[in-house]
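# Coordinate analysis (summary)
Here are the chains, one letter per residue:
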Amino acid sequence: MNPNIKVIIPAYNEEGSIGFVIQAIPKIVNEVIVVSNNSTDNTEIVAANNGATVLKEPNKGYGYACLKGMDYVAALEHKPDIIVFLDGDYSDYPEQLTELVAPIIERDIDFVVGSRVKRLREAGSMTFPQQFGNWLATTLMALFFKSTFTDLGPFRAIKYNKLLALHMEDKTYGWTVEMQLKALKRKYSYVEIPMKYRNRIGVSKVSGTVKGAIFAGVKILGWIFKYSFKK
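Predicted model, so just to flag it, every value in this text is computed and none were measured.

### Focus on the packing of aromatic side chains
Tallied over the entire structure, the rule returns seven aromatic pairs. One Lys or Arg, Lys-196, reaches over the ring of Tyr-93 and ends 4.4 Å from the middle of that ring. Cation over ring: Arg-198 sits above Tyr-90, and NZ or CZ is 3.7 Å from the ring centre.

Here it is in structure tokens:
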């Protein structure tokens with residue numbers, strides 16, 4: 001029996017990329033949910049025209065958008081087996097989703113993170129603040145929690161029941177690291193899958209600005225130190 005897979009895509013002004021993202025998602029996915037995070041362009045129209053379920057989240061913040069998608073899923077009669085989170089900027093390769101969910105389907109792994117390894121990254125696709133932030137965060141997680149994570153990649157898959165048990169709460173840039181820290185705390189089984197990564201379409205709302213990069217870094221480190229000293 002094929003698992004019920006739903007994809008949640010937070011999107012803020014991604015009219016130039018969201019159609020490519022949706023079209024590249026493998027047919028094994030049951031539903032693509034695009035959460036427009038207060039977009040002011042045609043993101044919602046393009047997403048709907050490409051067959052996605054479109055939700056609106058007026059509060060700006062990556063976590064806000066992800067939580068909106070989760071609220072929608074929670075209200076469905078038939079709950080999914082797997083939730084995949086994917087960015088709307090076309091920097092990831094959505095067609096690799098089958099590789100991402102394979103450990104869950106074939107090996108009963110709880111949580112899978114797509115790792116943007118250097119050998120598969122397009123030149124310039126990750127800024128220095130992104131690379132340094134990933135290195136620092138994953139190094140601290142290894143130090144405090146003996147984790148083997150190498151990336152905070154947003155392209156990730158998790159069993160739906162395991163996701164609910166995490167009681168996710170971050171509203172902005174700490175969403176990804178919160179999920180990884182809570183998964184470590186709960187001793188979920190996890191793996192990383194090497195993923196290709198390319199230059200995004202458009203300008204990053206986080207790493208593309210000094211303010212965004214600093215705020216994201218503060219949020220990420222805040223979560224790590226919070227959980228490092230939490231019993």
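### What about the nonpolar core?
If you look at the biggest cluster of nonpolar residues, it comprises 36 residues, and the most contacted ones within it are Phe-85, Met-141 and Trp-175. Secondary-structure elements contributing two or more residues to this core are strand S2 (31–36), helix H3 (62–74), strand S4 (82–85), strand S5 (111–115), helix H5 (128–145), helix H6 (160–165), helix H7 (175–185) and helix H8 (210–228). Setting aside its immediate chain neighbours within four residues, Phe-85 contacts Ile-8, Cys-66, Met-70, Pro-154, Phe-155, Arg-156, Leu-163, Trp-175 and Met-179. Grouped together as the second largest cluster of nonpolar side chains are 27 residues, Ala-11, Ile-25, Val-29 and Ala-157 included.

### Some details on helix H4 (residues 97–107)
Buried within H4 are the following residues: Leu-97, Leu-100, Val-101, Ala-102, Pro-103 and Ile-104. The inward-facing, buried residues of H4 abut strand S1 (5–11), S4, S5, strand S6 (156–159) and strand S7 (190–194).

### Some remarks on the sheet that holds S5
The strand order across the open sheet built from seven strands is S3-S2-S1-S4-S6-S5-S7, with neighbouring strands paired in mixed fashion. Both edges of this open sheet fall to strand S3 (53–56) and S7, since each of them pairs with a single strand only. The sheet shows a mean angle of 20° between the axes of neighbouring strands, taken without regard to direction. Note: S1 against S2, six bridges, orientation parallel. Paired with Lys-6 across the bridge in S2 is Glu-31. Packed on one face of the sheet, H3 meets S1, S2, S3 and S4 and runs near 145° to S1.

Calculation notes
- Residues numbered from 1 in each chain as written.
- Predicted model: local features only at pLDDT ≥ 70, side-chain atom pairs only at ≥ 80, totals over all residues.
- Heavy atoms only, no water.
- Phe/Tyr/Trp six-rings, centres within 6.5 Å; stacked < 30°, edge-to-face > 60°.
- Lys NZ or Arg CZ within 6 Å of the ring centre and 35° of its normal.
- Core = buried A, V, L, I, M, F, W, Y, C linked by side-chain atoms within 4.5 Å.
- Buried < 20%, exposed > 50% of the residue type's maximum accessible area, 1.4 Å probe, protein only.
- Helix = DSSP H or I, 4+ residues; strand = E, 2+ residues; numbered from the N terminus.
- Contact = heavy atoms within 4.5 Å.
- Pairing = 2+ DSSP bridges.
- Axes fitted to C-alpha atoms, helices over the stretch in contact; angles between N-to-C directions.

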